[in-house]
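# Architecture at a glance
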Amino acid sequence: MAVHGVVRSGLVEVYSRQQWYRVHATLEDDHLILSLDDIYETHMNGDGDVNQNDNTAAPVEQLPESIANQKRTVRVVKQENNGLGISIKGGKENKMPILVSKIFKGMAADLTHQLYVGDAILSVNQEDLRDATHDEAVRALKRSGKIVDLEVKYLREVTPYFRKTTSLSEVGWDAQNTFLPKSQTALPQRALRSDAKSVPLKLSYLTRNLSMPDPDMRTLELHSSDGRNSCILRCQDPSEANLWFNAIHTNMSFLVEQSVIEVNQMFVNIPEASEIKRIGWLSEKVANATGNTSWKPVFMAITSKDILLYDIVPWTKEEWATPVVSHPLIATRITQASSKNISHIIPGVTDLLTFGTRTGTRNGVEAHMFRVETNRDLARWTRDLIQGAHQSATNIKEITCEVTWQGQECQLVLHYENGFTLRNLKEDSGEYTMHWHFPFEKLHMSADDGQHTLWLDFGSDHGEHVLDMHGCPKPLIFVLHTFLSAKLSSMGLFA
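Not measured: the values here are computed from a predicted model.

### Considering the nonpolar core
Of all hydrophobic cores here, the largest spans 29 residues; its most connected members are Leu414, Phe420, Trp436 and Leu467. Elements that contribute at least two residues to this core include exactly strand 23 (398-405), strand 24 (408-415), strand 25 (419-425), strand 26 (432-438), strand 28 (453-457) and helix 7 (474-490). By residue number, the principal contributor to this core is helix 7, which donates 7 residues. Here leucine 414 is in contact with Lys397, Glu398, Ile399, Gly419, Phe420, Phe440, Leu476, Val479, Leu480 and Phe483, once residues within four sequence places are set aside. Within the second largest apolar cluster, 27 residues are counted, among which are Tyr21, Val199, Leu220 and Leu222.

The following block contains the structure:
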């Protein structure tokens, strides 16, 4: 299915390997393509400012001047079940020496603190590699044993070559799974330049001021659908950042709409499956053991019956069946939706768009606070939650609770149209005996103790009824509020 989203391109900076790099960004329907070129390269000086220079790219590693172009012997001791922890390039067939092109953090070579990207490997355990092909060098390294003595020489002139291939090595990630069989969603493979990186947009999380506080409002954050990868972009000024944010957000919104269709198609042959109405990423306010609060990404789905929360995007039926949190819409209320000034938390950042939910559960009231990125997102999420709760009320129509009233075991029936009915079951005939019935408009007041007691006051003519709910009354209270809110909404009024 074609997206036909916004197309945009230009220069931005990307944060990689604790530095900012100037890249050319191209926004496509479902990907953001980042490519590094010599004229776009930057490096960060000691003051944290970005220096732009076409021809003075900083070395991948900072090393003493005395090391450059000097032969050195470095002993590497391999760790248990691990290799050296390096990648190599070059070889006789490429008219290049054998060069260290990458050093993997935390592995044996990295732990020596004596090897650098750009080191030419002259010998391995005294086996000469100066005239070796790439394959010969690989074999020599593989048979080198646990203790490896490398004779190396740092070649400063090849560093810019590796800077281009390593500076974006941690940027981008592979496209995630689809909800449908691959045969139904086969897409042509995207051809990229060798130094380009692709950031998939489908069900990724676009946000600001989450993992990297930015009082200047110049940065954008893209987080992968599995929560494992991130891409931080920085623009020239807040205005440019807003243009990029809006363009990416528009394309991602199209992709979310497609994903809703896909996930409903995945469940089309499951009779009891609820229809997915809305999905997407938000941030939830959470507190740690010391009481400090932060915002944590959470993937939310609104179905025809429930609110579902996940830590990552659920791509399979099995993952959809195991949400971290599940709340029935009919027992959930929106408590607030607002834009708050948070300049006292993040200087320069004034608006924080949030909404809260409260759900009546058997354990009491469970509250959540969520953050969204745009006013349109705020309006859509709150609208879908409220309308979903109202629709759930009209679909369910009735709930029944086992209660004790005046020492008798009874059933309290709450009906969307008919109001309150208290009844008990005649064991001999199987028929119900009604103790009392009141429409909603007769209810003057309701109250509960949060434990097991519910008070329903139907006025001086009918008095107050005290019910033991055999558990927390909050679920019934919240359903009652939803029924009343839905009835008011159907009359064109607002609760």
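On we go from here.
### With respect to the confidence of the model for the protein
When the pLDDT values of the protein are averaged, the result is 85; 83% of them are 70 or greater. Overall, residues 38-61 carries pLDDT values under 50, and its contacts beyond four positions in sequence, including any with other chains, amount to 51 contacts.

### Section: the pairing of strand 7 (residues 86-91)
The sheet contact formed by strand 7 and strand 8 (residues 96-103) spans 5 bridges and is antiparallel. Directly across from lysine 89, in strand 8, lies its bridge partner leucine 99. Counting the residues between successive antiparallel strands, the hairpin from strand 7 to strand 8 contains 4 residues, one of them, lysine 95, with a positive phi of roughly 55 degrees.

### As for the pairing of strand 6 (residues 71-77)
The side-chain alternation of strand 6 yields one buried face, formed by Arg72, Val74 and Val76, and one unburied face, formed by Lys71, Thr73, Arg75 and Val77. As defined by bridge partners, strand 6 adjoins strand 11 (residues 147-154) across 7 bridges and the pair is classed as antiparallel. Bridge pairing links lysine 71 to lysine 153 in strand 11.

### Quick notes on helix 6 (residues 375-396)
Helix length check: helix 6, at 22 residues, gives a terminal C-alpha distance of 31 Å against a target of 32 Å (1.5 Å per residue), a fit within 8%. Listed in full, the buried residues belonging to helix 6 are Asp377, Leu378, Trp381, Thr382, Asp384, Leu385, Gly388, Ala389, His390, Ser392 and Ala393. Looking one or two residues beyond helix 6, the residue adopting positive phi is lysine 397, at roughly 70 degrees.

### Quick word on the packing of helix 6 against helix 7
Viewed as axis vectors pointing N to C, helix 6 and helix 7 meet at an angle of 100 degrees, and their least axial separation amounts to 9 Å. Relative to helix 7, helix 6 is oriented roughly perpendicular. Residue-level contacts link Ala389, His390 and Ala393 of helix 6 to Thr482, Phe483, Ser485, Ala486 and Ser489 of helix 7. The residue makeup of the contact of helix 6 with helix 7, split by class, is 4 nonpolar, 4 polar and no charged.

### Some points on the environment of threonine 374
When you line up the elements, threonine 374 lands in the loop between strand 22 (364-372) and helix 6. Looking at threonine 374, the relative accessible area reads 16%, which means it is buried. Along the chain, threonine 374 and leucine 353 lie 21 residues apart, while their C-alpha atoms are 7.1 Å from each other. Residues within four places of threonine 374 in sequence aside, it is in contact with Phe245, His249 and Leu353.

### Some words on unusual backbone geometry
Positive phi values are uncommon outside glycine, yet methionine 217 reaches one of about 55 degrees. With respect to the helices and strands, methionine 217 occurs in the loop between strand 13 (205-207) and strand 14 (219-223). Under the relative-accessibility criterion, methionine 217 is labelled partly exposed at 23%. Unusually for a residue other than glycine, lysine 397 sits at a positive phi of about 70 degrees.

What counts, and where the lines are drawn
Residues numbered from 1 in each chain as written. Predicted model: local features only at pLDDT ≥ 70, side-chain atom pairs only at ≥ 80, totals over all residues. Heavy atoms only, no water. Core = buried A, V, L, I, M, F, W, Y, C linked by side-chain atoms within 4.5 Å. Buried < 20%, exposed > 50% of the residue type's maximum accessible area, 1.4 Å probe, protein only. Helix = DSSP H or I, 4+ residues; strand = E, 2+ residues; numbered from the N terminus. Contact = heavy atoms within 4.5 Å. pLDDT = per-residue confidence, 0-100. Pairing = 2+ DSSP bridges. Expected span 1.5 Å × (residues − 1). Axes fitted to C-alpha atoms, helices over the stretch in contact; angles between N-to-C directions. Parallel < 35°, antiparallel > 145°, perpendicular 65-115°, else oblique. Nonpolar A, V, L, I, M, F, W, Y, C, P; charged D, E, K, R; others polar.

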